[in-house]
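Residue strings, one per chain:
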Amino acid sequence: MNVVAIFDIGKTNKKVFLFNENYKIVWEKSVNLDETTDEDGFPCEDIEVLKNWILDRLSEIKELKDYVLKAINFSTYGASFVYIDENGKVLTPLYNYLKDYPEDLKSNFYEKYKGEKKFAVKTASPVLGSLNSGMQIYRLKEEKPEIFEKVKYCLHLPQFLSFLLTNEAYADITSIGCHTNMWNFKKMKYHRWLKEENIEEKIPPIHFGKDVIMTRENIAIGVGLHDSSSAIIPYTINFTEPFVLLSTGTWSISLNPFNNKPLTFDESQNDCLCYLQYTEKPVKAARLFAGNEHEVQTKRLAEHFNVPVDTYKEVYFDKKIVANLRALNFQIIYPKKYNFDILNECPFQKRDLSNYKDYETAYHQLMLDLVEQQVFSTNLVIHNSPVKKIFVDGGFSKNSIYMNLLAEAFPDVEVYAASMAQASALGAALAIHQNWNPKPIQNDLIDLKFYKH
């Protein structure tokens with residue numbers, strides 16, 4: 001059986017999948033690897049351990065008698081650089097994008113390049129410190145010039161993993177185009193600061209996501225993709241009319257591949273940004289920390305009502321409870337005008353739980369408040385674009401209260417719960433389809449459930 005191997009590397013879980021020619025998973029392995037620390041004692045990925053795990057799994061796959069390995073690709077978390085010298089040796093730890101960025105260095109940088117406002121709009125990158133991965137290179141250059149001198153190439157993590165197998169260094173547009181401070185979205189090329197700081201020469205040429213490098217064993221190897229951009233690929237392949245993908249987990253991220261309007265500064269201030277797809281088309285995205293808020297508030301509810309933390313899994317949408325809560329609150333749940341304050345704080349944080357007669361009622365209120373926030377966030381990317389469908393995947397897609405309230409909030413749009421096994425891994429496999437798979441792509445990769453409003 002011909003297969004493609006996809007290494008799907010998250011911050012916590014590292015997974016490898018074999019997909020057959022119909023894109024069904026036929027084999028998988030996963031692991032949680034221990035972190036190490038950088039020279040400041042800050043936790044970070046142990047790149048050596050990760051490298052060895054990937055090479056070991058690859059040896060294991062090649063020994064499997066039932067499968068013929070035709071291709072390999074990578075989907076990994078973003079905002080992480082590996083610095084290699086001319087011999088391919090790794091020069092630094094894989095610095096964590098959650099690490100604090102020095103304020104003086106940050107203010108010097110933005111002062112030099114026309115200020116935060118103009119820069120953020122040009123690069124579609126909100127000011128996020130280390131999460132703007134280009135700023136990590138700038139920091140290395142300023143704080144450790146002797147190491148920076150030795151750097152031959154700065155590789156985002158997916159491209160480094162590809163380099164391990166091919167010994168060929170490339171950059172990739174999905175990694176560069178994701179709030180890195182590196183890409184000028186107006187001119188669709190690198191921002192001039194990279195040249196002025198002598199960094200551009202250390203970034204290898206861009207390799208397109210659909211293209212591959214062939215090995216001596218005749219295995220097609222992709223250059224890897226940023227996981228958020230990879231996860232949208234199965235949707236863009238399956239659906240042509242305008243849609244928004246609402247990907248829910250710790251963050252709820254609204255992704256609109258059909259909104260190509262430039263990012264405004266106000267949008268960037270409200271956790272809005274642009275990704276680039278592997279086809280180089282922009283995706284407008286808005287983030288909301290909704291999964292995290294849900295986790296915090298369900299713990300609070302469990303303590304107050306003295307029930308298990310996961311009691312919410314047994315609570316289902318109840319129209320009467322929603323109607324009663326709305327009558328009590330005397331508020332328009334979905335105002336047309338944007339009130340950005342609601343994005344900063346969930347209204348439920350300030351609600352007095354003693355006002356609710358039972359857990360079920362209080363949980364419905366939490367979901368009303370979270371969906372109210374979500375509507376504002378998603379509207380940032382829908383704004384003036386002809387969206388016909390919203391697909392919700394991840395944790396909230398299985399929550400009947402969330403889905404019914406969302407469908408009601410968008411009466412002119414069809415709202416679907418979408419489920420698909422391992423979207424970012426599947427996207428990385430589909431991106432290189434033409435290089436290994438003779439079969440046409442089937443349109444049954446995504447299971448959909450329609451919610452009537």
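Per an unreviewed UniProt entry, the protein is named FGGY-family carbohydrate kinase, and its organism is Flavobacterium potami. As stated in UniProt under Sequence similarities (unreviewed entry), the record for the protein gives "Belongs to the FGGY kinase family."

Visitor: Can you walk me through the overall build of the protein in this structure?
Guide: Helix and strand content of the protein: 17 helices and 20 strands. Here the C-alpha radius of gyration of the protein, 23 Å, is about what a compact globule of 453 residues would show, namely 22 Å. Based on the C-alpha atoms only, the size of the protein along its principal axes is roughly 70 × 60 × 45 Å. Within the protein, the proportion of its 453 residues that are buried is 57%. Across the protein, the fraction of contacts at a sequence separation of at least 24, relative to all contacts at a separation of at least 6, is 73%. For the protein, the accessible area works out to roughly 20,400 Å², and carbon and sulfur atoms hold 48% of it. In the protein, 52 side chains carry a positive charge and 59 a negative one; their mean positions are 5 Å apart.

Visitor: Explain the confidence of the model for the protein here, please?
Guide: Reading fine detail from the predicted coordinates is not recommended where pLDDT is low. The share of residues in the protein with pLDDT of 70 or more is 97%, and the mean pLDDT across the chain is 93. Scored below 50 in pLDDT, residues 332-338 makes 17 contacts in the model with residues more than four places away or belonging to other chains.

Visitor: Just checking my understanding: could you explain a positive patch on the surface for this structure?
Guide: Among the surface-exposed residues, K114, K118, K186, K187, K189 and K195 lie close enough to one another that they form a single positively charged patch. Following the sequence through the fold, K114 ends up in the loop between helix 2 (103-112) and helix 3 (115-123). On the basis of relative accessibility, which here comes to 54%, the residue K114 falls in the exposed class.

Visitor: What is the right way to read the UniProt feature "domain: Carbohydrate kinase FGGY N-terminal" (unreviewed entry) in the protein from this model?
Guide: Mapped onto the present numbering, the UniProt feature "domain: Carbohydrate kinase FGGY N-terminal" (unreviewed entry) falls at residues 4-194. As annotated, residues 4-194 comprises 37% helix and 24% strand, and the C-alpha atoms at either end are separated by 36 Å.

Visitor: Would you take a moment to explain the sheet that holds strand 16 (residues 272-276) for this structure?
Guide: One key point about sheets: their strands pair by backbone hydrogen bonds, in either a parallel or an antiparallel sense. Taken together, seven strands build an open sheet; the order of strands is 16-17-15-14-18-19-20 and the sheet is mixed. A strand with exactly one partner marks an edge of an open sheet, and here the two such strands are strand 16 and strand 20 (447-451). Each neighbouring strand pair of the sheet contributes to a mean axis angle of 25°, computed without reference to strand direction. As defined by bridge partners, strand 15 (residues 252-256) adjoins strand 17 (residues 282-288) across five bridges and the pair is classed as antiparallel. Each bridged residue has a counterpart across the sheet, and for N256 the counterpart in strand 17 is K284. On top of the sheet, helix 15 (residues 359-382) reaches strand 14 (243-248), strand 15, strand 16, strand 17 and strand 18 (389-394); it is set at about 165° to strand 17, its chief contact.

Visitor: How should I be thinking about unusual backbone geometry in this particular structure?
Guide: With the exception of glycine, the majority of residues adopt a negative phi angle, and the majority of peptide bonds are in the trans configuration. One non-glycine residue, N167, lies in the positive phi region at around 60°. By the secondary structure assignment, N167 is in the loop between helix 6 (157-166) and helix 7 (173-176). If you check the backbone angles, M188 has positive phi at about 50° while not being a glycine. Relative to the helices and strands, M188 is located in the loop between strand 9 (183-184) and strand 10 (189-190). By relative accessible area, which is 32% here, M188 ends up partly exposed.

Visitor: Teacher, can you tell me more about the nonpolar core here?
Guide: Within soluble globular proteins, side chains that are nonpolar tend to cluster in buried spots. Counting residues in hydrophobic clusters, the biggest one holds 80 residues, and the most contacted among them are L301, M367, I390, Y402 and F410. For this core, the element with the most residues is helix 15, which contributes 13 residues. Not counting residues within four places of it along the chain, the set of residues in contact with M367 comprises H294, F396, N399, I401, Y402 and L405. If you look at the next biggest cluster of nonpolar residues, it comprises 39 residues, including A418, L426, I432 and W436.

Visitor: What is the right way to read the side chain of R57 from this model?
Guide: Within the secondary structure layout, R57 lies in helix 1 (residues 47-63). Residue classification places R57 among the buried positions, given a relative accessible area of 17%. In this view, R57 contacts F7, V16 and K29; residues no more than four positions away in its chain are not counted.

Visitor: I keep staring at the pairing of strand 3 (residues 25-32) and nothing clicks. Help me out?
Guide: Regular strands show a simple pattern: their side chains alternate between the two faces of the sheet. Where strand 2 (residues 13-19) meets strand 3, seven bridges bridge the pair, whose relative direction is antiparallel. Pairing of L18 across the sheet is with W27, part of strand 3. Here strand 2 hands over to strand 3 after five residues, with Y23 in that stretch at a positive phi of 60°.

Definitions and limits used
Residues numbered from 1 in each chain as written. Predicted model: local features only at pLDDT ≥ 70, side-chain atom pairs only at ≥ 80, totals over all residues. Heavy atoms only, no water. UniProt positions renumbered as here; feature names shortened; annotations may be inferred. Helix = DSSP H or I, 4+ residues; strand = E, 2+ residues; numbered from the N terminus. Rg over C-alpha atoms; globule rule 2.2 N^0.38 Å. Buried < 20%, exposed > 50% of the residue type's maximum accessible area, 1.4 Å probe, protein only. Contact = heavy atoms within 4.5 Å. Areas by Shrake-Rupley, 256 points an atom, 1.4 Å probe, with all protein chains shown as cover. Lys, Arg positive; Asp, Glu negative; His and termini not counted. Charge placed at Lys NZ, Arg CZ, Asp CG, Glu CD. pLDDT = per-residue confidence, 0-100. Patch = residues over 30% accessible without salt bridge, like charges linked within 9 Å, V, L, I, M, F, W, Y side chains within 5 Å. Salt bridge = Lys/Arg side-chain N within 4 Å of Asp/Glu carboxyl O. Pairing = 2+ DSSP bridges. Axes fitted to C-alpha atoms, helices over the stretch in contact; angles between N-to-C directions. Core = buried A, V, L, I, M, F, W, Y, C linked by side-chain atoms within 4.5 Å.

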